[in-house]
Amino acid sequence: MATPAVLTHPESLKNPAGPSEFAKHPVNTALSKADKVALYTKMARIRHFEQRCIRTYQQGKIGGFLHLYVGQEAVAAGTISLLGKHDHIITGYRDHGHALMVGMNMNECMAELTGKVTGCSKGKGGSMHYFAPDKNYWGGHGIVGGQAPLGTGLAYAVKYRGLKGCCLAYMGDGAVNQGAVHEAYNLAALWDLPMIFVIENNGYSMGTSQERSSAHPGCLAKRAEGYGMAWDVINGHDVYEVRAKTAAAVKRAHDESKPTVLEIFTYRYFGHSMADPDKTYRDKEEIKEYREKKDPVLLFENELLAEGVLTPATRDAINEAAMAEAEVAAAFAEESPDPTVADITKHIYWEEDNRGKDTTSRGTIVFE
Amino acid sequence: MAVITYREALRAAMREELQRDENVVLMGEEVAQFNGAYKVTEGLLKEFGPKRVVDTPISEAGFIGLGIGASMLGIRPVMELMFWSFSYVAFDQIVNNAGNIRYMSGGLINCPIVIRGPANGGTNVGATHSHTPEAILASHPGIKVVCPATPYDAKGLMKAAIRDNDPVYVMENTILYNDKGEVPEGDYIVPLGVADVKREGTDLTIVAHGRAVITSLKAAEILEKEHGVSVEVVDLRSIRPLDEDTVLASVRKTHRVLLVEENKPFCGVDAQVAYLIQAKAFDDLDAPIGRVSSIDAPQIYCKRMEDQQLPHPARVVEAALKVLA
């Protein structure tokens with residue numbers, strides 16, 4: 001089992017800006033110049049989409065909760081960039097970054113936030129509930145840890161069908177204390193499912209630091225050992241490292257049908273959600289430190305500038321295009337219509353959406 | 001037509017669907033090697049092997065969640081809960097995930113899962129193992145709930161549930177498992193949302209579901225023999241979807257209604273049925289709607305008292321005579 005013999009303390013992972021030791025990993029040297037530019041572009045798009053969301057939220061156009069992914073881009077970008085046809089993903093409520101990575105467009109994502117019928121869930125899901133099953137993206141789940149058993153089921157289905165694929169189920173560091181997550185761990189290990197649990201450890205479960213919420217703080221992935229699962233810890237500020245170490249877990253899932261727990265150390269620059277004033281549980285200095293020295297987009301940018309893959313001009317063009325794309329999305333969301341009152345009772349049951357087709361149901365299904 | 005038990009009828013439905021569709025998988029605690037805690041799945045492991053009939057750990061949130069995830073990719077899991085009372089530790093999966101996924105995805109995702117098992121009192125096992133959550137679950141749009149009362153309905157509803165593209169929760173009854181009835185050997189379904197007039201009559205309509213149907217049929221016999229009353233018994237069979245037309249047609253025929261269920265009364269299924277009748281057949285009623293439920297308390301352990309707590313024929317007869325007075 002590819003288990004680190006010695007517990008790696010996260011401090012050792014918080015490496016300063018500089019060349020990534022994982023740049024030379026085969027999974028990264030396999031990337032063409034165009035691939036690298038595309039990966040950087042995707043990270044920049046997540047960053048600019050989320051920053052545009054802040055404005056839309058502040059304009060009062062986004063209701064409910066808005067959990068931003070700013071600071072965590074390398075996690076979704078690095079992991080999802082490795083996936084193929086039979087690989088599936090599912091996550092919690094901080095789900096925008098994954099959505100853009102799988103190829104959902106900014107328009108449908110922004111329109112969902114503003115509750116418009118043109119949104120990816122037709123205005124019925126909101127920020128926490130994005131879905132794109134045609135892109136193997138199964139949400140977007142609002143209850144902490146609830147996606148872990150569902151993801152295990154996706155992995156089960158892949159295995160049942162005899163396909164070479166896997167499921168990545170993402171969760172935050174707060175989710176590891178949910179019972180459903182441990183039940184999913186047990187099932188994935190017991191049944192040798194091609195499953196990768198990705199803990200996006202941003203240090204805080206809402207306003208409660210890891211030290212105050214989890215026994216054995218310092219390494220949450222190590223709990224995998226209790227279930228005989230492989231595990232690893234990853235510096236989530238370095239997209240090359242995310243790719244290199246996740247690739248090993250994907251290979252384990254594909255070749256051996258074995259699960260892995262990955263703990264990826266990352267950081268969010270904004271509060272738990274936009275409703276969190278972010279004043280009580282961490283220092284501004286800490287946020288500044290991450291923004292300036294460990295920013296995943298900036299680190300990758302520096303890497304690619306040094307490699308000669310990006311130039312300042314191409315970098316600027318990519319960022320300007322992403323900002324413009326987000327502006328277009330905001331305008332699209334603004335101009336799109338709301339769902340109608342009649343739409344409230346659509347998409348509850350299969351036969352309501354498939355009238356005229358054979359069905360096993362009759363009778364009254366939606367009540368006055 | 002063969003006469004088989006309610007248990008055998010359920011098993012026949014699952015066997016036929018396992019044969020018909022390779023995506024059907026049975027899963028649950030003790031369903032395979034142990035042959036089922038109540039022997040409903042007896043012999044199916046031997047016949048279909050461990051890929052199709054799967055023992056799970058005692059981990060309802062985990063394995064029900066797994067089944068829901070698998071169903072999103074087109075597997076049709078039939079998950080056994082040893083008791084529906086155990087569903088409460090998997091409530092997030094059963095309600096939040098299965099019940100909402102189609103809606104929250106704007107209709108993009110199907111969740112064709114069946115969750116089945118007994119949901120009844122009357123077995124002398126105390127309050128934690130005696131819940132009847134059909135009203136709780138049917139109150140959530142996105143979920144379908146059926147409660148078969150006879151072997152024929154058990155097989156037909158189970159097959160319809162497995163073929164349905166939405167989550168269907170089948171609530172069985174351990175006391176009915178040994179009941180016998182005529183069941184066709186071939187393929188048939190009882191569509192979800194179609195009630196059945198189990199006994200025709202002219203003076204009083206009793207609306208019931210699950211084992212309360214059997215109790216009501218016994219009461220109807222007594223009412224006819226001892227009181228000369230002709231009772232019609234409507235078996236809802238399905239709680240959601242609900243067959244409003246059959247209920248209302250019977251009310252319009254008899255003009256007097258008694259509702260019987262094994263739920264506790266507050267917010268029970270019959271609260272909704274009573275609303276339906278007064279809203280759509282008020283002018284057809286010649287008397288206030290009567291109601292018999294379990295006595296409103298957590299399920300009592302003492303067997304003699306539990307038999308009193310549940311609706312029984314004498315209590316149904318008494319309530320019927322009040323509606324007829």
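The rules behind each value
Residues numbered from 1 in each chain as written. Chains lettered and ligands numbered in written order. Predicted model: local features only at pLDDT ≥ 70, side-chain atom pairs only at ≥ 80, totals over all residues. Heavy atoms only, no water. Contact = heavy atoms within 4.5 Å. Buried area = accessible area lost by both parts, 1.4 Å probe. Salt bridge = Lys/Arg side-chain N within 4 Å of Asp/Glu carboxyl O. Polar contact = N/O pair within 3.5 Å; in protein donor to acceptor, adjacent residues only side chain to side chain. Helix = DSSP H or I, 4+ residues; strand = E, 2+ residues; numbered from the N terminus. Nonpolar A, V, L, I, M, F, W, Y, C, P; charged D, E, K, R; others polar. Domains from an automatic or database assignment. Expected span 1.5 Å × (residues − 1). Buried < 20%, exposed > 50% of the residue type's maximum accessible area, 1.4 Å probe, protein only. Core = buried A, V, L, I, M, F, W, Y, C linked by side-chain atoms within 4.5 Å.

## A few points about the interface of chain B and chain A
Much of the literature gives interface size as the accessible area that the parts lose upon coming together.
For step 1, the next point in the chain: Listed as interface residues are 60 residues of chain B and, on the opposing side, 49 residues of chain A.
For step 2, the next point in the chain: Between chain B and chain A, roughly 4400 Å² of surface is buried when both sides are summed, and carbon and sulfur atoms account for 62% of that area.
For step 3, the next point in the chain: In this assembly, chain B and chain A are joined by two salt bridges.
For step 4, the next point in the chain: Measuring nitrogen to oxygen at the nearest pair gives 2.9 Å for the salt bridge that ties Glu351(A) to Lys144(B).
For step 5, the next point in the chain: Our count for the contact surface shared by chain B and chain A stands at 27 residue pairs in polar contact (both at pLDDT 80 or more).
For step 6, the next point in the chain: Those elements giving two or more residues to the side of chain B that touches chain A turn out to be strand 2 (24–28), strand 3 (53–55), helix 3 (60–72), helix 4 (91–97), helix 5 (101–104), helix 7 (151–163) and helix 10 (269–281) of chain B.
For step 7, the next point in the chain: Per-element tally for the side of chain B that touches chain A: the top contributor is helix 3 of chain B, with 10 residues.
For step 8, the next point in the chain: For the side of chain B that touches chain A, the residue count by class is 27 nonpolar, 19 polar and 14 charged.

## Comments concerning the domain arrangement of chain B
All names here are of chain B.
For step 1, the next point in the chain: When its domains are assigned, chain B resolves into domain 1 (2–183) and domain 2 (196–324).
For step 2, the next point in the chain: On a C-alpha basis, the centres of domain 1 and domain 2 stand 26 Å from each other.
For step 3, the next point in the chain: At the interface, 27 residues of domain 1 touch 24 residues of domain 2.
For step 4, the next point in the chain: Of the roughly 2000 Å² buried between domain 1 and domain 2, counting both surfaces, carbon and sulfur atoms make up 55%.
For step 5, the next point in the chain: Our count for the domain 1 to domain 2 interface comes out at two salt bridges.
For step 6, the next point in the chain: The partner of Lys198 in a salt bridge is Asp153, and the shortest N-O contact between them spans 2.6 Å.
For step 7, the next point in the chain: One can count 13 residue pairs in polar contact (both at pLDDT 80 or more) joining domain 1 with domain 2.
For step 8, the next point in the chain: For the side of domain 1 that touches domain 2, the elements supplying multiple residues, two or more each, are helix 6 (134–138), strand 6 (144–146) and helix 7.
For step 9, the next point in the chain: In terms of residue class, the side of domain 1 that touches domain 2 is built from 13 nonpolar, 11 polar and three charged.

## Considerations on helix 12 (residues 313–324) of chain B
All names here are of chain B.
For step 1, the next point in the chain: Compared with the 16 Å implied by 1.5 Å per residue over 12 residues, the 16 Å span of helix 12 between its first and last C-alpha is a close match.
For step 2, the next point in the chain: Within the span of helix 12, buried status applies to Val316, Val317, Ala319, Ala320 and Val323.
For step 3, the next point in the chain: On the buried face of helix 12, the contacting elements are strand 10 (204–208), helix 8 (211–227), strand 13 (257–260) and strand 14 (290–292).

## Some thoughts on the nonpolar core
For step 1, the next point in the chain: Tyr156(A), Phe197(A) and Tyr169(B) are the most contacted members of the largest nonpolar core, which has 88 residues in total.
For step 2, the next point in the chain: There are two domains that each give this core at least three residues, and those are domain 1 (2–183) and domain 2 (196–324) of chain B.
For step 3, the next point in the chain: In this structure, Leu82(A), Cys120(A), Tyr240(A) and Tyr267(A) belong to the second largest nonpolar core, which totals 69 residues.

## A word on the pattern of salt bridges
Residue and element names in this part refer to chain B.
For step 1, the next point in the chain: One pass over the full model with this rule turns up 52 salt bridges over all chains.
For step 2, the next point in the chain: As a salt-bridge pair, Arg15 and Glu47 come within 2.9 Å of each other at their nearest N and O atoms. Pair noted here: Arg15 is in helix 1 (residues 6–20) and Glu47 is in helix 2 (residues 44–48), with a separation of 32 residues, a long-range link.
For step 3, the next point in the chain: Between Asp166 and Arg102 there is a salt bridge whose closest N-O contact spans 2.9 Å. Of the two residues, Asp166 sits in the loop between helix 7 and strand 7 (168–172) while Arg102 sits in helix 5, which places them 64 residues apart along the sequence. Each member of the pair, Asp166 as well as Arg102, is classed as buried.
For step 4, the next point in the chain: It is possible to trace a salt-bridge network through shared partners that takes in Glu16, Glu17, Arg20, Lys155, Lys159, Arg163 and Asp187.

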